[in-house]
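Fold and contact review
Residue strings, one per chain:
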Amino acid sequence: MREYQSLSHIKWDCKYHVVFIPKRRRKALFGGLRQHLGKLFHELARQKGCEIVEGHLMVDHVHMCISIPPKYAVSNVVGYIKGKSAISIARNFRGKTKNFTGENFWARGYFVSTVGLDEEMVRNYIREQEREEERYEQLTLFGQANPPLGGS
């Protein structure tokens, strides 16, 4: 059975396939930077309550399968990860210590696709929910233990 995560009033399983690239698709993700980013991406995701389920850094792009709680927009989480990692790259690999305005290691856009359940499984679930609700309604209509109060 599928494991769902939960918040105070919700059970959820929201996973996304995200791809983004360095500015001008530079082949810059190798060596020490690659190792640094792998750890950093996981830490930044954790700070937002997210989890990188699977990830791979190529020399000119990043692939990740990330689990994001429904309380966050995908764009907010991806923007946070890209922005904070650009600052970290400037500090640790470009020798900057302040004035991070305009740091743009990553290109502006990204690709995102949902990773969901099998469509047929969802259809069966919906069909079964309808039958289950009908059965419950019949029990409450015909099997009331306490008849309604009132005169006549």
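Scroll up to find the structure this text is about.
Please read all numbers here as calculations on a predicted model, not as lab measurements. (Residues numbered from 1 in each chain as written. Predicted model: local features only at pLDDT ≥ 70, side-chain atom pairs only at ≥ 80, totals over all residues. Heavy atoms only, no water.)

As for the side chain of Lys82
One can find Lys82 in helix H2 (residues 74-93). When its relative accessible area of 9% is taken as the criterion, Lys82 is described as buried. Among residues more than four places away in sequence, those in contact with Lys82 are Phe20, Trp106, Ala107, Arg108 and Gly109. (Helix = DSSP H or I, 4+ residues; strand = E, 2+ residues; numbered from the N terminus. Buried < 20%, exposed > 50% of the residue type's maximum accessible area, 1.4 Å probe, protein only. Contact = heavy atoms within 4.5 Å.)

Structural notes on the sheet that holds strand S4 (residues 51-57)
By definition, the strands of a sheet pair up through backbone hydrogen bonds, in either a parallel or an antiparallel sense. One open sheet accounts for four strands, arranged S4-S5-S3-S6; its pairing is antiparallel. What marks the edges here is a single partner per strand, and that holds for S4 and strand S6 (111-115). With strand direction ignored, the average angle separating the axes of adjacent strands in the sheet is 15 degrees. By the bridge criterion, six bridges tie S4 to strand S5 (residues 62-67) in an arrangement that is antiparallel. Residue His56 lies in a different strand from S5, and its bridge partner there is His63. Packed onto the sheet, helix H1 (residues 31-47) meets strand S3 (15-20), S4 and S5 and runs at close to 160 degrees relative to S4. Strands S3, S5 and S6 of the sheet are contacted by H2, whose axis makes an angle of about 45 degrees with S3. (Pairing = 2+ DSSP bridges. Axes fitted to C-alpha atoms, helices over the stretch in contact; angles between N-to-C directions.)

Quick notes on the packing of aromatic side chains
Inspection of the entire model under this criterion finds four aromatic pairs. Each ring, one from Phe20 and one from Trp106, has its centre 4.9 Å from the other, and the planes form 85 degrees; the classification is edge-to-face. In this pair, Phe20 sits in strand S3 while Trp106 sits in the loop between H2 and S6, placing the two residues 86 residues apart along the sequence. Judged by its relative accessible area of 5%, Trp106 is buried. Pairing Phe105 with Trp106 gives two aromatic rings, centres 4.8 Å apart and planes at 90 degrees, and the pair type is edge-to-face. For the pair formed by Phe105 and Trp106, the shared burial category is buried. Three or more aromatic residues link up through ring pairs in this structure, and these residues are Phe20, Phe41, Phe105 and Trp106. For the cation-ring pair, Lys48 lies above Tyr80, with the distance from its terminal atom to the ring centre recorded as 4.8 Å. (Phe/Tyr/Trp six-rings, centres within 6.5 Å; stacked < 30°, edge-to-face > 60°. Lys NZ or Arg CZ within 6 Å of the ring centre and 35° of its normal.)

Notes on the nonpolar core
Leu37, Phe41, Val62, Met64, Ile66 and Trp106 are the most contacted members of the largest nonpolar core, which totals 25 residues. Of all elements in the fold, only S3, H1, S4, S5 and H2 reach the threshold of two or more residues within this core. (Core = buried A, V, L, I, M, F, W, Y, C linked by side-chain atoms within 4.5 Å.)

Examining the packing of H1 against H2
Packing of H1 against H2 leaves a shortest axis separation of 10 Å and a crossing angle of 140 degrees. In this view, H1 runs oblique relative to H2, as classed from their interaxial angle. Of the two possible hands of crossing, H1 and H2 adopt the one that is right-handed. Here Gly32, Leu33, His36, Leu37, Leu40, Phe41, Leu44, Ala45 and Gln47 of H1 lie close against H2, whose contacting residues are Tyr80, Ile81, Lys84, Ser85, Ser88, Ile89, Asn92 and Phe93. (Parallel < 35°, antiparallel > 145°, perpendicular 65-115°, else oblique. Left-handed = near helix turned anticlockwise from the far one by under 90°.)

Side note on the pairing of S5
Taken across its six residues, S5 has five buried, putting it largely inside the fold. When S3 meets S5, the two strands line up antiparallel, connected through six bridges. Along S5, the bridge assignment pairs His17 with Cys65.

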